[in-house]
Amino acid sequence: MKTNTIEKPARGAAPAASAGKPTVKESRHARYEELMARCKGLPPTPTAVAYPCDQSSLEGALEAAKLGLIAPILVGPAETIKMVAAKFRLDLAGCEIVDAPDSETAAAKAVEQVRLGRAEALMKGSLHTDELMGAVVRRDTGLRTARRISHCFVMDVPGHDTPLIITDAAVNVAPTLEDKVDIVQNAIDLAQALGAPEVRVAIVSAMETVNPKIPSTVEAAALCKMADRGQITGALLDGPLALDNAINLEAAQVKKIDSPVAGRANVLVAPDLEAGNMLAKSLTFLAGAVAAGIVLGARVPIILTSRADSMITRLASCAVAALLVQARRQQPDKAVA
């Protein structure tokens, strides 16, 4: 895949302009390319694509198929899908199409492909998110599990060594403490599936001390104690932490926070959707980050992309889903039920 490259100072070195240190050339989306490289050799993930009826959603699914990330089952009005493919010269060879007359029916039939065991992932096409998620959470015919459904952004942030997971910025508006237990566990399971050797979760708030006047700080402390008691597993937790001392080691040292998480977090848990959404979009539009989106807690991973997402974001989202599916195949006892 052809990507742009930028000159980046070597880790720990001063900027070249001031110190004349050598620089290394790094792909602009190196973290995502590493994720996609990890999918090489894996069988394509059978994926029900709900209503791929515009260029971006159909092309994204077909490009992911070319790279062997997914084996798409296109669910939607067959004639419309074929017309879009013809208009934009997209090759549908080898793709199964399940005819559905409208977006609501397409969402229901895409979910049905999962329930029938024909698909191991679900992908949003050009329908509204509410339509797809409505079909997912339907009690009798949906994909609910005992877990709370939550969303994670897997962000490739320039200058950051590893992908940064931010949750929840898209599904849970004002999560309770009980909701946050599942939100945190979903994010931990994702980080493990992506190959993080150690998952370090920062429960983020406006400050790093517990303040009864700020409920998110109290909930952060409770989540950390729940992890101590084995109610949340698979990661190191710390919180409350302010954003600076969650991801910047120097900021953590200045505040004298002695923690294996502070300054080194690779998962950030926001207090609510507003904070998480603003954090993710700030990184995107001010720091040049790109964000792959995935929904967890359902029977299968749900690839949730926006119409405005770039191709690299769509492919990275498919790669994330493929790695989650592979992790579940290897450890079926850990799959949510």
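Here is what the cut-offs are and how they apply
- Residues numbered from 1 in each chain as written.
- Predicted model: local features only at pLDDT ≥ 70, side-chain atom pairs only at ≥ 80, totals over all residues.
- Heavy atoms only, no water.
- Helix = DSSP H or I, 4+ residues; strand = E, 2+ residues; numbered from the N terminus.
- Buried < 20%, exposed > 50% of the residue type's maximum accessible area, 1.4 Å probe, protein only.
- Contact = heavy atoms within 4.5 Å.
- Areas by Shrake-Rupley, 256 points an atom, 1.4 Å probe, with all protein chains shown as cover.
- Lys, Arg positive; Asp, Glu negative; His and termini not counted.
- Charge placed at Lys NZ, Arg CZ, Asp CG, Glu CD.
- Arc of directions from axis to C-beta.
- Pairing = 2+ DSSP bridges.
- Axes fitted to C-alpha atoms, helices over the stretch in contact; angles between N-to-C directions.
- 1 Å grid on protein atoms, 1.4 Å probe; cavity = no way out; pocket = protein on both sides within 12 Å on 5 of 7 lines; lining within 4 Å.
- Points joined across faces, edges and corners; volume = space filled by probe spheres on them.
- Nonpolar A, V, L, I, M, F, W, Y, C, P; charged D, E, K, R; others polar.
- pLDDT = per-residue confidence, 0-100.
- Parallel < 35°, antiparallel > 145°, perpendicular 65-115°, else oblique.
- Left-handed = near helix turned anticlockwise from the far one by under 90°.

Draft legend 1. Geometry of the overall build of the protein. Along the backbone of the protein there are twelve helices and 13 strands. Dimensions of the protein along its principal axes, counting C-alpha atoms only, are 60 × 50 × 35 Å. Residue burial in the protein is summarised as follows: out of 337 residues, 50% are buried. Partitioning the intrachain contacts of the protein with sequence separation of at least 6 by distance along the chain shows that 68% fall at a separation of at least 24. On the protein, roughly 15800 Å² of surface is accessible, and the fraction owed to carbon and sulfur atoms is 53%. Measuring between centres, the 37 positive side-chain charges of the protein sit 2 Å from its 37 negative side-chain charges.

Draft legend 2. Summary view of helix α6 (residues 129-137). Buried within α6 we find Leu132, Met133, Ala135 and Val136. Viewed end-on, α6 has its buried residues packed into an arc of 155°, placing them on one side of the element. Its buried side turned inward, α6 meets β3 (45-50), α5 (103-115), β6 (121-124), β12 (290-296) and β13 (302-303).

Draft legend 3. Quick look at the sheet that holds strand β5 (residues 96-99). Pairing within the open sheet is mixed, and its eleven strands lie in the order β5-β4-β3-β6-β13-β12-β7-β8-β11-β9-β10. Each end of this open sheet is capped by a strand with a single partner; those strands are β5 and β10 (236-241). Judged from the three bridges that link them, strand β7 (residues 150-156) and strand β8 (residues 164-167) form a sheet pairing that is antiparallel. When the sheet's bridge partners are listed, Val154 is paired in β8 with Ile165. Contacts from helix α8 (residues 215-228) reach β9 (200-204) and β10, with the element oriented near 165° to β10.

Draft legend 4. Structural view of the layout of surface pockets. Its volume calculated, the second largest pocket comes out at about 530 Å³. Taken together, 23 residues form the lining of the second largest pocket, with Phe153, Lys281, Ala291, Ser306 and Asp309 sitting closest to its centre. Elements represented by at least two residues in the lining of the second largest pocket include exactly β7, α11 (273-287), β12 and α12 (311-330). No other element matches the five residues that α11 contributes to the lining of the second largest pocket. Its residues assigned to classes, the lining of the second largest pocket shows eleven nonpolar, ten polar and two charged.

Draft legend 5. Geometry of the confidence of the model for the protein. Per-residue pLDDT for the protein averages 90, and the proportion of residues at 70 or more is 90%. Predicted confidence for residues 1-25 stays below pLDDT 50, and this span has 34 contacts to residues more than four positions away or in other chains.

Draft legend 6. Here's a closer look at the packing of helix α3 (residues 55-66) against α12. Between α3 and α12, the shortest axis-to-axis distance is 9 Å and the interhelical angle comes to 55°. As summarised for this structure, α3 and α12 are arranged oblique, according to the angle between their axes. Handedness of the crossing formed by α3 with α12: right-handed. Judged by residue contacts, Ser56, Ser57, Glu59, Gly60, Glu63 and Ala64 of α3 engage Met311, Arg314, Leu315 and Cys318 from α12. Considered class by class, the residues forming the contact of α3 with α12 number four nonpolar, three polar and three charged.

Draft legend 7. A look at the packing of helix α7 (residues 177-193) against α12. The interhelical angle for the contact between α7 and α12, taken along N-to-C directions, is 95°, at an axis separation of 9 Å. With respect to their mutual orientation, α7 and α12 come out roughly perpendicular. Contact residues: Asp189, Leu190 and Ala193 in α7; Val320, Leu323, Leu324 and Ala327 in α12. Taken together, the residues of the contact of α7 with α12 sort by class into six nonpolar, no polar and one charged.

Draft legend 8. Molecular detail of unusual backbone geometry. Residue Asp168 follows Thr167 across a cis peptide bond; omega there is -10°. By the element assignment, Asp168 lies in the loop between β8 and α7. Looking along the chain, the bond that leaves Gly239 and enters Pro240 is cis, with omega of 5°. With respect to the helices, strands and loops of the structure, Pro240 is situated in strand β10. A positive phi angle is found at Arg89, which is not glycine, with a value near 55°.

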